[in-house]
Amino acid sequence: MERSMVPSFEEALERAYPKIEWRLPIRMAAPQGTGLGCRFCIARYGIKAHEIPALPQTIAEFHAHMKTFHPIRASL
Ligand SMILES: [Zn+2]
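Residues numbered from 1 in each chain as written. Predicted model: local features only at pLDDT ≥ 70, side-chain atom pairs only at ≥ 80, totals over all residues.

### Re the overall build of the protein
Across its full length, the protein holds three helices and two strands. Counting from the amino terminus, helix and strand elements in the protein follow one another as α-β-β-α-α. Dimensions of the protein along its principal axes, counting C-alpha atoms only, are 45 × 20 × 20 Å. Burial status across the protein gives 8% buried among its 76 residues. (Helix = DSSP H or I, 4+ residues; strand = E, 2+ residues; numbered from the N terminus. Buried ≥ 20, exposed ≤ 12 C-beta atoms within 10 Å, placed from the backbone.)

If you want it as structure tokens, here you go:
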């Protein structure tokens, strides 16, 4: 199988759970602080309360995270 035909982690999740809005943030709060959680990262790594303050704090930061870590592959 060609490498390009293997779905990425993100594509596999989006196909398996199409009703989840994977590319929208989840607002998260813990006693230590708040942040915008990334569904892909949470699905892959999980998250602990002490990590929440280190999450993106603004939509712009969240979009930068998406662009860097979960870019949409051009599939032609
Ligand atoms: Zn992420």
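### A closer look at the pairing of strand E1 (residues 26-30)
Both E1 and strand E2 (residues 33-37) contribute to a ladder of five bridges, which runs antiparallel. When the sheet's bridge partners are listed, Ala-29 is paired in E2 with Thr-34. A loop of two residues connects E1 with E2, the two strands running antiparallel in sequence. (Pairing = 2+ DSSP bridges.)

### Focus on the environment of Gly-37
With respect to the element layout, Gly-37 can be found in strand E2. Linking Gly-37 and Leu-55, residues 18 residues apart in sequence, is a C-alpha distance of 6.4 Å. Residues in contact with Gly-37, not counting those within four places in the same chain, are Pro-25, Ile-26, Met-28, Ile-42, Ile-47 and Leu-55. (Contact = placed C-beta atoms within 7 Å.)

### So, the confidence of the model for the protein
When pLDDT is averaged across the protein, the result is 92; 92% of the residues are at 70 or more. The least confident element of the protein, judged by mean pLDDT, is helix H1 (residues 9-16) at 95; the most confident is E2 at 98. (pLDDT = per-residue confidence, 0-100.)

### Some details on the environment of Cys-41
Within the secondary structure layout, Cys-41 lies in helix H2 (residues 39-45). In the structure, Cys-41 is positioned 31 residues away from Glu-10 in sequence and 9.7 Å away in space, judged by C-alpha atoms.

### Focus: the environment of Thr-34
The residue Thr-34 is located in strand E2 in this model. Taking C-alpha positions, Thr-34 is 7.7 Å from Leu-55, a pair spaced 21 residues apart along the chain. Not counting residues within four places of it along the chain, the set of residues in contact with Thr-34 comprises Arg-27, Met-28, Ala-29 and Ile-52.

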